[in-house]
Amino acid sequence: MGKVAVSEFISLDGVIEDPGGGEGTSFGGWTFRFPADDGQRFKYEELMASDVQLLGRVTYEAFAAAWPGMEEAAGDFGAKMNSMPKVVVSTTLTEANWKNSTIASGDLADIVAELKKQYEGDILVAGSATLVAALRAADLVDEYRLMVHPVVLGQGKKLFQDGATPTDLALVETRKAGPDVQLLIYRPANRTP
């Protein structure tokens, strides 16, 4: 049975918005200021271990606009991004034209339960702030993989929103992703591995 793994680039003040600069914010591209070669290896291994991506509409649209044109330059990573199944959770999207993409709407717990039955590998959730908040509120996240960058942005969408239900997490792994970047992996404390 697959597990729902939320994977985020995150600032010290919890911001996950526009790490690569593609969203057009004034603070976008903040991850590029911090080399993280080990982090890039982790992202490769993480994608290869995943069977399906579960994405919110905004992240899906950004990925669908970028990845088809990057496959050759990104090698195996780009090939996997484009070929693997992608499920976009949306109530407004009417077409999902990126290769192997489907639109899911309805009860989020049912969507996740069906994916867990269907896939053995990880169900990877990247970006997708609104979807992650809904997954967290429904206690559907099995693991948080946070690549913490040494920057305080002071603005932007946060992973854990103000007013969210408190949740205890257990640290299951930590490692350097780059000279100043840390990878922290947490699971909800009420879950067994």
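Predicted model, so just to flag it, every value in this text is computed and none were measured.

The rules behind these values
- The residue numbers shown here count from 1 along each chain, following its written sequence.
- Where totals are concerned, whole chains, interfaces and linings use all residues; where local detail is concerned, this predicted model gives features only for residues with pLDDT of at least 70, and gives and counts side-chain atom pairs only at 80 or more.
- Neither water nor hydrogens contribute to the side-chain values; these are computed over all heavy atoms in the structure.
- Here, a strand pair is defined by DSSP locating no fewer than two bridges between the strands.
- In this description a helix means any DSSP run of H or I spanning at least four residues, a strand means any run of E spanning at least two, and both kinds are numbered starting from the N terminus.
- Axes, fitted as lines to C-alpha atoms, cover a helix only where it is in contact. Angles between the N-to-C directions of the axes lie from 0 to 180 degrees.
- Two residues form a contact once any of their heavy atoms are found within 4.5 Å.
- By this rule the span expected of a helix is its residue count minus one, scaled by 1.5 Å.
- Only protein chains enter the accessibility calculation, which uses a 1.4 Å probe. A residue is then buried if its area is under 20% of the maximum for its type, exposed if over 50%, and partly exposed in between.
- What the arc measures is the spread of directions leading from the helix axis to the C-beta atoms.
- Nonpolar core, defined: a set of buried Ala, Val, Leu, Ile, Met, Phe, Trp, Tyr and Cys residues in which side-chain atoms within 4.5 Å join the residues together.

### A word on the sheet that holds strand 6 (residues 143–149)
Within the open sheet, the 8 strands sit side by side as 4-3-2-5-1-6-8-7. Their pairing is mixed. Each edge of the open sheet is held by one strand with a lone partner, namely strand 4 (101–104) and strand 7 (169–176). With direction set aside, neighbouring strand axes in the sheet form an average angle of 25°. Of the strand pairs in this sheet, strand 3 (residues 86–89) and strand 4 are connected by 4 bridges, and their pairing is parallel. Note on strand 4: the bridge partner recorded for Val-88 is Ile-103. Of the strands in this sheet, strand 2 (50–56), strand 3, strand 4 and strand 5 (122–126) touch helix 2 (residues 57–66), which is tilted by about 115° from strand 2. Each of strand 1 (4–11), strand 2, strand 3, strand 5 and strand 6 touches helix 5 (residues 129–137); the most contacted strand, strand 2, lies at about 105° to it.

### As for helix 1 (residues 37–48)
The terminal C-alpha atoms of helix 1 lie 17 Å apart, and with 12 residues this matches the ideal 16 Å at 1.5 Å per residue to within 8%. Inspection of helix 1 places Gly-39, Phe-42, Lys-43, Glu-46 and Leu-47 among the buried residues, and these make up the whole buried set. In a view along the axis of helix 1, the buried residues occupy a sector of 130°, so they form one face of it.

### Quick look at the nonpolar core
The nonpolar side chains of soluble globular proteins are, as a tendency, buried together. Leu-54, Leu-115, Val-125 and Leu-135 are the most contacted members of the largest nonpolar core, which totals 26 residues. Discounting residues that sit within four places of it in the chain, Leu-54 has contacts with Val-87, Val-89, Ile-111, Val-112, Leu-115, Ile-123, Leu-124, Val-125, Ala-126, Leu-131 and Leu-135.

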